[in-house]
Amino acid sequence: MTRLAICPGSFDPLTVGHVDLVERAAALFDRVVVAILVNSDKSPLFTQAERVAIVREVFASVKNVDVEAFDGLLVDYADRRGAVALVRGLRSATDTDYELSMSLMNRHLKPSVDSVFLPTAASVAHVSSRLVKEVWRLGGDVRGLVPPAVEARLRAMRAMDAPAR
Ligand code: PNS
């Protein structure tokens, strides 16, 4: 039996913390689907299609990782995919509060899908998509906070002098 886990999120943008989490989940489960929430933010940095393309590129060499976009309730998507677990990272007590209530609600909705939490790598505990976006929009340097595939796209955006999305 294939034990499939889902790493859900907005991934706007994918950060080095996400990369660490997905790689560790891929070592624990037979298959991992990185599930990208559609329309999570009214002013996203990257479109849904761009986020899917970035995540595909970054995990292209990890054979048991797939990437998909999803809409609606996460537990319904997880159930359709036959997932046994939702994997989320924990950076702090604040994350724990938020993640615990989400996991309890998800379990209430679908008891067959459990949540697994992995403590973030200490070296990336300060990294979040929200802060990366803020730093980038204000002209800061995001090198080392995001994988090269994201960095390259951000550089291209800035070079085109695109209005900060
Ligand atoms: O990367 P994020 O924004 O922290 O991810 C949050 C995400 C996508 C895991 C969460 O918002 C989610 O599961 N959304 C789908 C809608 C849903 O199922 N909501 C009920 C959650 S208890």
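Procedures and definitions
Residues numbered from 1 in each chain as written. Predicted model: local features only at pLDDT ≥ 70, side-chain atom pairs only at ≥ 80, totals over all residues. Heavy atoms only, no water. Core = buried A, V, L, I, M, F, W, Y, C linked by side-chain atoms within 4.5 Å. Buried < 20%, exposed > 50% of the residue type's maximum accessible area, 1.4 Å probe, protein only. Helix = DSSP H or I, 4+ residues; strand = E, 2+ residues; numbered from the N terminus. Contact = heavy atoms within 4.5 Å. Near = heavy atom within 4 Å. Polar contact = N/O pair within 3.5 Å; in protein donor to acceptor, adjacent residues only side chain to side chain. Areas by Shrake-Rupley, 256 points an atom, 1.4 Å probe, with all protein chains shown as cover. Nonpolar A, V, L, I, M, F, W, Y, C, P; charged D, E, K, R; others polar. Salt bridge = Lys/Arg side-chain N within 4 Å of Asp/Glu carboxyl O.

If you look at soluble globular proteins, the nonpolar side chains tend to sit buried side by side. Core analysis: the biggest nonpolar cluster contains 35 residues, and L14, V32, V34, V87 and L154 have the highest contact counts within it. Considering every element that reaches this core, the biggest residue donor is helix α1 (residues 16–28), with five residues. In this structure V87 touches A5, I6, C7, P8, L21, A25, F29, V116 and L118, once residues within four positions along its chain are discounted. Within the second largest apolar cluster, 11 residues are counted, among which are L4, L74, A78 and A83.

Looking now at the site of the ligand. Within the structure, the ligand sits among G9, S10, L37, F70, G72, L73, L74, R88, M102, M105 and N106. Here an oxygen atom of the ligand and a side-chain polar atom of S10 are 2.6 Å apart. Within the contact set of the ligand, an oxygen atom lies 2.8 Å away from a backbone nitrogen or oxygen of L74. Here the ligand loses 74% of its free accessible area of 550 Å² to cover by the protein chains. Ranked by the residues each element gives to the shell around the ligand, the list is headed by helix α4 (residues 93–109), at three residues. Here the shell around the ligand is built from residues that sort into six nonpolar, four polar and one charged.

Across all of its chains, the model carries 13 salt bridges by this definition. A salt bridge links R81 to E68; the shortest N-O distance between them is 2.7 Å. With R81 in helix α3 (residues 74–81) and E68 in strand β3 (residues 65–70), this residue pair connects regions lying 13 residues apart in the sequence. Owing to a relative accessible area of 28%, R81 belongs among the partly exposed residues under this scheme. Using a relative accessible area of 28% as the deciding quantity, one classes E68 as partly exposed. Where D76 meets K110, a salt bridge forms, and the shortest distance between an N and an O atom there is 3.6 Å.

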